[in-house]
Structures are given as structure tokens and as C-alpha cells.
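The residues making up each chain are set out below.
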Amino acid sequence: IMSTTNYPSATPQSTPPRRDSKNLIIALLAVGILGTWGYFLWDKNKSDKNLAQVQREYITVDSTKNELDKSYSAALGRLDSLTGFNKDLEGKLSERNSEIKKLRGRIDGLIRKQNLTVAEKKEAEKLIAELNEKITGLEQEVVRLKAENVQLSTDLTTEKTKTTQLSTDLETTTTAKKELEQKVD
């Protein structure tokens with residue numbers, strides 16, 4: 001006879017294994033942690049590469065800026081040289097003008113005399129010939145200086161254009177340098 005009782009039986013009933021689910025959770029957490037570490041390492045490597053690229057760009061911009069500074073300084077030096085040369089030419093012209101004034105004064109003094117002696121007449125002719133030579137030399141010098149002036153004006157315009165371009169390039173480079181400095185920071 002079989003008796004049915006409401007007592008729990010000694011035979012185990014089928015319960016889900018808790019140990020397998022704990023192992024699964026631990027394995028998933030381990031995979032998650034390893035995945036996070038992998039992501040952080042990958043991200044750090046990527047950041048290091050970006051930082052290295054930014055530093056290379058910064059160095060390039062900085063060296064470009066230095067080259068522009070040197071070119072600009074050289075252009076200003078040439079401009080100062082041309083200005084000094086122009087002042088030197090002005091001094092020479094002033095000197096020649098004073099020599100011509102002296103000759104004119106001597107010639108005027110001789111011509112104003114009522115009675116010229118033969119010696120004074122010869123001296124006046126000689127002075128007039130010397131004056132004509134100086135005037136001819138001065139005319140040739142003026143032609144030469146005009147040609148040089150045209151060339152210097154062309155050179156100056158070219159230098160101003162270069163200087164303007166260098167200033168623009170310098171401003172662009174400085175802006176790029178500041179942007180790269182901000183990226184590096």
C-alpha cells in the first residue's frame with residue numbers, strides 16, 4: 001500500500017544549478033573588464049598617435065614661422081640698404097650742385113667786368129667749358145640715376161609685395177601655431 005504523505009521526500013527534486021549561473025556571470029564580468037581594458041588601451045594608443053601628429057604639425061609650423069621671420073628680416077635689411085644708398089646719392093648730387101654754383105659765381109663775376117683782360121677771357125672760357133662738362137656729366141648721371149631709380153622702385157615694390165606676403169604668411173602661421181598649441185594643451 002502506498003501511502004501518500006505531504007512530507008517532503010528525501011529524494012532531491014530537480015533545481016537549476018546555481019553554480020553554473022554564477023560561473024556564467026563571472027565569465028561575462030571578466031570579458032567585460034577585459035573588453036574595457038582593451039578599449040582603454042586602444043583609445044590611449046589613438047590619443048598618443050594624435051598627440052604625436054599634433055606635435056609634428058606644431059614643429060613644422062614653428063619652423064615655417066622662423067623661416068618667415070628670417071625672410072622678413074632680410075627684406076627689411078635690403079630696404080634699409082636701398083634707403084642708405086639713396087641718401088648717399090643725394091649727398092653726391094648736393095656736392096656737385098655746390099661745385100656748379102661756385103663755377104657759376106666765378107663766371108658771373110668775370111662776365112660782369114666791363115673790361116676783360118685776355119687772361120680773364122681765357123679763364124672765363126675755361127670755366128664755361130668746365131661748367132659744360134660738369135653739366136654733361138650731371139645729365140648723364142641723372143639718366144643713370146633715373147634708370148636705377150626705376151629699378152629700385154621695381155625692387156622696392158617687389159620687396160613690399162614679398163613683405164606683405166610674408167606678413168600674411170606669418171599671421172597665418174601664427175594662427176595655426178596657436179591652434180596647435182591649444183590642441184597640445
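Above this text you will find the structure in question.
Nothing here was measured: the structure is a model prediction, and the numbers come from that model. (Residues numbered from 1 in each chain as written. Predicted model: local features only at pLDDT ≥ 70, side-chain atom pairs only at ≥ 80, totals over all residues. Heavy atoms only, no water.)

**What about the overall build of the protein chain?**
Alright, step 1. Secondary structure summary: the protein chain contains two helices and zero strands in total.
Alright, step 2. Taking 2.2 N^0.38 as the reference for a compact globule, 185 residues should give roughly 16 Å; the C-alpha atoms of the protein chain span a radius of gyration of 48 Å, well beyond that estimate.
Alright, step 3. With the principal axes as the frame, the protein chain shows a C-alpha extent of 185 × 20 × 20 Å.
Alright, step 4. The long-range share in the protein chain, meaning contacts at least 24 apart out of those at least 6 apart in sequence, stands at 83%.
Alright, step 5. Total accessible area computed for the protein chain in this model is approximately 15400 Å², and 57% of it derives from carbon and sulfur atoms. (Helix = DSSP H or I, 4+ residues; strand = E, 2+ residues; numbered from the N terminus. Rg over C-alpha atoms; globule rule 2.2 N^0.38 Å. Contact = heavy atoms within 4.5 Å. Areas by Shrake-Rupley, 256 points an atom, 1.4 Å probe, with all protein chains shown as cover.)

**Some points on helix α2 (residues 118–184)**
Alright, step 1. End to end, α2 covers 93 Å across 67 residues, agreeing with the expected 99 Å (1.5 Å per residue, within 8%).
Alright, step 2. Looking at α2, one finds that the buried residues are E120, A124, L127, L131, L138, E159, T163, L166, T173, K177 and L180. (Expected span 1.5 Å × (residues − 1). Buried < 20%, exposed > 50% of the residue type's maximum accessible area, 1.4 Å probe, protein only.)

**A word on the side chain of E159**
Alright, step 1. Locating E159 in the fold gives a position in helix α2.
Alright, step 2. According to the relative accessible area criterion, E159 is buried, its value standing at 7%.
Alright, step 3. Once residues within four sequence positions are removed from consideration, E159 is found in contact with A75 and R78.

**Looking at the side chain of K177**
Alright, step 1. Within the fold, K177 resides in helix α2.
Alright, step 2. Residue classification places K177 among the buried residues on the basis of a relative accessible area of 17%.
Alright, step 3. For K177, the residues in contact, after removing those within four places along its chain, are Y58, V61, D62 and K65.

**What about the nonpolar core?**
Alright, step 1. Within the largest apolar cluster, eight residues are counted, these being I100, L103, I107, L110, A124, L127, L131 and L138.
Alright, step 2. When contributions to this core are tallied by element, the ones reaching two or more residues are α1 (18–112) and α2.
Alright, step 3. With sequence-adjacent residues up to four places away left out, L127 is seen in contact with L103, R106, I107 and L110. (Core = buried A, V, L, I, M, F, W, Y, C linked by side-chain atoms within 4.5 Å.)

**Describing the environment of K121**
Alright, step 1. Following the sequence through the fold, K121 ends up in helix α2.
Alright, step 2. The exposure class of K121 is partly exposed, given its relative accessible area of 49%.
Alright, step 3. Taking the C-alpha atoms as reference, K121 lies 47 Å from S81; in sequence the two are 40 residues apart.

**Some remarks on the pattern of salt bridges**
It is possible for side chains bearing opposite charge to pair when their charged atoms get close.
Alright, step 1. Per the stated rule, a full pass over the model turns up six salt bridges.
Alright, step 2. The salt bridge partner of E120 is K113, with a shortest N-O separation of 2.4 Å.
Alright, step 3. Between R144 and E141 there is a salt bridge; the shortest N-O distance is 2.4 Å. With R144 and E141 both in helix α2, this residue pair falls three residues apart, about one helical turn.
Alright, step 4. Connected through shared salt-bridge partners, E141, R144 and E148 make up one network. (Salt bridge = Lys/Arg side-chain N within 4 Å of Asp/Glu carboxyl O.)

**Some details on the packing of aromatic side chains**
Alright, step 1. Per the stated rule, a full pass over the model turns up two aromatic pairs.
Alright, step 2. On the numbers, 6.0 Å between centres and 55° between planes, the contact of Y39 with F40 is tilted.
Alright, step 3. Their ring planes at 40° and their centres at 6.0 Å tell us that Y39 and W42 sit as a pair that is tilted. Highlighted residues: Y39 and W42, both in helix α1, separated by three residues, approximately one helical turn.
Alright, step 4. What links up through ring pairs into an aromatic cluster is the set Y39, F40 and W42. (Phe/Tyr/Trp six-rings, centres within 6.5 Å; stacked < 30°, edge-to-face > 60°.)

**A look at a nonpolar patch on the surface**
Alright, step 1. Where nonpolar side chains cluster on the molecular surface, the patch consists of I33, L34, W37, Y39, F40 and W42 and spans about 740 Å² of accessible area.
Alright, step 2. Here Y39 falls in the partly exposed class, since its relative accessible area comes to 44%. (Patch = residues over 30% accessible without salt bridge, like charges linked within 9 Å, V, L, I, M, F, W, Y side chains within 5 Å.)

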